[in-house]
Amino acid sequence: MRSDRGQRAPLGLKIAAACGLLFLHLPILLIFVYAFTTEEKSFVWPPPGLTTQWFAVTWNRPDVWDALSLSVRVAAISTAIALVLGTLCAAAVSQTRFFGREAISLLVILPIALPGIITGIALRSAFALADIPFSFWTIVLGHATFCVVVVYNNAVARFRRTSGSMIEASMDLGADGFQTFRHVVLPNIATALLAGGMLAFALSFDEVIVTTFTAGQQQTVPIWMLEELIRPRQRPVTNVVAMVVVLVTLLPILFAYYLTRDGDQIAGSGK
Amino acid sequence: MTIAAVQSNPAPAILPGSGGLRGALSDLFWRRPKFLLTLMLAPPLLWLGIVYIGSLFALLAQSFFSIDEFSGLINREFTLKTYGDLFQAANLDIILRTVTMAALVTLASAVIAFPIAYYAARYARGRWKALFYLGVMLPLWSSYLVKIYAWKLILAKEGILTWLLAKLNLLWLLDAWLSLPVVGGNSLSVSFTGTFIVFVYVWLPFMILPVQAALERVPGNLVEASSDLGASPGQTFRNVLFPLALPGIVAGSIFTFSLTLGDYIIPQIIGTSRLFIGQAVYSQQGTAGNIPLAAAFTVVPIVIMGFYLWGAKRMGAFDAL
């Protein structure tokens, strides 16, 4: 659309676009204000006063730390599994042509395309049929399944840009398969994998719908928050945790965007 | 002398294999690419096939079981009784309510998303383009629960929205709206209006991205040609821009529609006590312990989405994803 250069957008369009973006961002910013409010019982606005005491209170809450620790462990292991599975699948799909290739990309995307509740209840009923008790690993099983797709998307986009002749050149120069992978393929896809891994981590860290079906009595951070939303016990602590969660998920996203910003803008598209 | 020494010991044209197990494996991969392919595909396919497809079949199988109403135990024999239970008036109400909400949310998201996507695709350049991209991506990826929580803060009776309307002397408008029969309620956070706003907010980025992708592909000179030929901006929008953006809108609507159909957390936290499909599934499998009926309920969104995807594919929406 080269011919548009220098053309000005109509005022109405500018206002509508700006309002839309404000609609998307103001609610999240509000969380940051509420984390400092002195009000304990209600969501009154404007806050009657500002304080940082709730950060200290939250810091000393063992249940928050337990939930955080479980979430981080689940996210780390799910991300590791998703990295291995997603990269393998991306490499196979993008480097070779074979029967059923399309079906494989559909299979990878399916867990995220169907509503989370379907994945959740499906896993729940499979556990029930197979008599598998809820544990740390049942959570990981669910999370890794839908994290594969983000790693896969990022890796496929990078493989598409990486020329196959580099691998051939490496082989011609006498490197064996492992050396080629270590010195040629890996450096090329490393940032895409890092970005995919970060997004997978953020996705797992934030997931609640599938987790409610696979966690049993265990509490991850989102489940802790959900409990607080349904049966509020101490609102200021929830405010602080909400702010921390925003920061914890935002930083990996920004970093992933930074890693993949030129060329393949795939990082977040299609959560 | 030195030349002779080099010549007497030339580097071999073909290097010897690196030997050992590693070398043997590497050679095997090279000679039999199919073997390597199988080895690469096996772990992800086994995982997704067993964990995911296996679970989906387990779910489907459960929907053909039934629950013994007296003992509460699940009877593992094939029956269509559960599907009979599904089509009771109360359950049909739930399905109708959910589908209506999903359709309204989809429509509203499309209307709000279009200007953002159009501006980003046609006018934003360089730094602004990146800003728009991040401006959509950050809300998309921020925590789902925190977004809902933020709206609970906003819509609460003592919250910021009431305060803002009071400052603008518009409280009568809010009260009038809340006194309406279906969409109203005690406060916005316990009304269908609240549920609707939060659904639109949470799924909006999923609509913006594909619409923007579709609009990026519309050549700017098409719009100029339309106005050169005497079309008003409204006519250009109706006859040129909108038809070309439609596949993108349909692609986005797949997400907004499907996600609304399956969600059970938003209507539980911000909404009335009347159930949506997701909540029905959740309460059937949890408190009621009736997994067969819960499974049958989930088949509803799967079937609806199956038809939806089939229609979307015919409209060419998948090219815009």
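Residues numbered from 1 in each chain as written. Chains lettered and ligands numbered in written order. Predicted model: local features only at pLDDT ≥ 70, side-chain atom pairs only at ≥ 80, totals over all residues.

Quick look at the overall build of chain B now. The secondary structure content of chain B amounts to 15 helices and two strands. Over its C-alpha trace chain B gives a radius of gyration of 29 Å, far above what one expects of a compact globule, namely 20 Å for 321 residues. Reported as C-alpha extents along the three principal axes, the dimensions of chain B are approximately 105 × 70 × 40 Å. For chain B, the proportion of contacts with a sequence separation of at least 24, taken over those separated by at least 6, is 71%. (Helix = DSSP H or I, 4+ residues; strand = E, 2+ residues; numbered from the N terminus. Rg over C-alpha atoms; globule rule 2.2 N^0.38 Å. Contact = placed C-beta atoms within 7 Å.)

Right, let's talk about the overall build of chain A for a bit. Helix and strand counts for chain A stand at 11 helices and zero strands. For chain A, the succession of helices and strands along the chain, N to C, is α-α-α-α-α-α-α-α-α-α-α. Taken along the three principal axes of its C-alpha coordinates, chain A extends 70 × 65 × 30 Å. Per-residue burial over chain A gives 46% buried out of 271 residues. The long-range share in chain A, meaning contacts at least 24 apart out of those at least 6 apart in sequence, stands at 77%. (Buried ≥ 20, exposed ≤ 12 C-beta atoms within 10 Å, placed from the backbone.)

Time to look at the nonpolar core. One finds B:A113, B:A117, B:W203 and B:V211 to be the most contacted residues of the largest nonpolar core, which totals 167 residues. Those residues in contact with B:W203, other than ones at most four positions away along the chain, are B:V105, B:S109, B:F255, B:T256, B:L259 and B:T260. (Core = buried A, V, L, I, M, F, W, Y, C linked by C-beta atoms within 7 Å.)

According to the domain assignment, chain B contains domain 1 (20–55) and domain 2 (87–320). Taking the mean C-alpha position of each, domain 1 of chain B and domain 2 of chain B sit 41 Å from one another. (Domains from an automatic or database assignment.)

Let us now look at the confidence of the model for chain B. All names here are of chain B. Put simply, chain B has an average pLDDT of 83, and 92% of its residues get 70 or more. In the model of chain B, helix α1 (residues 2–8) stands out as the element of lowest mean pLDDT, 49, in contrast to helix α5 (residues 89–122), which has the highest, 92. Reported confidence for the predicted complex is 0.81 by ipTM and 0.83 by pTM. (pLDDT = per-residue confidence, 0-100.)

On to the interface of chain A and chain B. Interface size, as often reported, equals the accessible area lost upon joining of the parts. Taken together, the contacts link 73 residues of chain A with 78 residues of chain B. Only α1 (11–34), α3 (62–95), α4 (101–113), α5 (116–130), α6 (136–161), α8 (177–206), α10 (221–230) and α11 (235–260) of chain A provide two or more residues apiece to the side of chain A that touches chain B. With 14 residues, the single largest contributor to the side of chain A that touches chain B is α1(A). Residues of the side of chain A that touches chain B, tallied by class, amount to 53 nonpolar, 14 polar and six charged. (Nonpolar A, V, L, I, M, F, W, Y, C, P; charged D, E, K, R; others polar.)

Per the UniProt entry, the sites bearing "domain: ABC transmembrane type-1" (unreviewed entry) are residues 68–256 of chain A in this numbering. Split by type, residues 68–256 of chain A is 84% helix and 0% strand. Its first and last C-alpha atoms lie 22 Å apart. (UniProt positions renumbered as here; feature names shortened; annotations may be inferred.)

Moving on: α1(A). Working note: α-helix, 3.6 residues per turn, so residues spaced by three or four point in the same direction. The end-to-end C-alpha separation of α1(A) is 34 Å, in line with the 34 Å expected for 24 residues at 1.5 Å each. A bend of about 30 degrees at A:H25 is the largest found in α1(A), and the proline A:P27 appears one to four places after it. Those residues of α1(A) lying buried are A:A17, A:G20, A:L21, A:L24, A:P27, A:I31 and A:Y34. Those residues of α1(A) that are buried are in contact with α11 of chain A together with α5, α6 (126–141), α7 (144–155) and α10 (192–216) of chain B. (Expected span 1.5 Å × (residues − 1). Bend = angle between axes of the 7 residues up to and from the residue.)

The next subject is the UniProt feature "transmembrane region" (unreviewed entry) in chain A. Residue and element names in this part refer to chain A. Taken from the UniProt record, the annotation "transmembrane region" (unreviewed entry) applies to residues 12–36, 70–91, 103–122, 134–156 and 240–259. Helix makes up 100% of residues 70–91 and strand 0%, whereas the separation of the span's terminal C-alpha atoms amounts to 31 Å. Across residues 134–156 one finds 91% helix and 0% strand; the C-alpha atoms that close the span lie 34 Å apart.

Residues and elements named next belong to chain A. At a minimum axis distance of 11 Å, the contact between α10 and α11 shows a crossing angle of 145 degrees. The chirality of how α10 crosses α11 is left-handed. Contacts from V221, M225 and E228 of α10 reach α11 at T238, V241, A242 and V245. (Axes fitted to C-alpha atoms, helices over the stretch in contact; angles between N-to-C directions. Left-handed = near helix turned anticlockwise from the far one by under 90°.)

All right, on to the UniProt feature "transmembrane region" (unreviewed entry) in chain B then. All names here are of chain B. Taking the numbering used here, the UniProt-annotated feature "transmembrane region" (unreviewed entry) corresponds to residues 35–61, 94–119, 131–154, 160–178, 190–209, 244–266 and 287–311. Helix makes up 90% of residues 190–209 and strand 0%, whereas the separation of the span's terminal C-alpha atoms amounts to 30 Å. Along residues 244–266 one finds 91% helix and 0% strand; the C-alpha atoms at either end are 33 Å apart.

A few words on the environment of B:W141. Residue and element names in this part refer to chain B. Among the secondary structure elements, W141 is positioned in helix α6. Using a count of 23 C-beta atoms within 10 Å as the deciding quantity, one classes W141 as buried. Sequence separation of W141 and P205 is 64 residues, and the distance between their C-alpha atoms is 9.3 Å.

Now for the packing of α5(A) against helix α14 (residues 277–285) of chain B. Running from N to C, α5(A) and α14(B) cross one another at 15 degrees; their axes reach a closest spacing of 11 Å. Relative to α14(B), α5(A) is oriented roughly parallel. Read as a crossing pair, α5(A) and α14(B) show a hand that is left-handed. Residues A:I117, A:I121 and A:R124 of α5(A) form the contact with α14(B), whose own contacting residues are B:G278, B:V281 and B:Q285. Considering only residue class, the contact of α5(A) with α14(B) consists of three nonpolar, two polar and one charged. (Parallel < 35°, antiparallel > 145°, perpendicular 65-115°, else oblique.)

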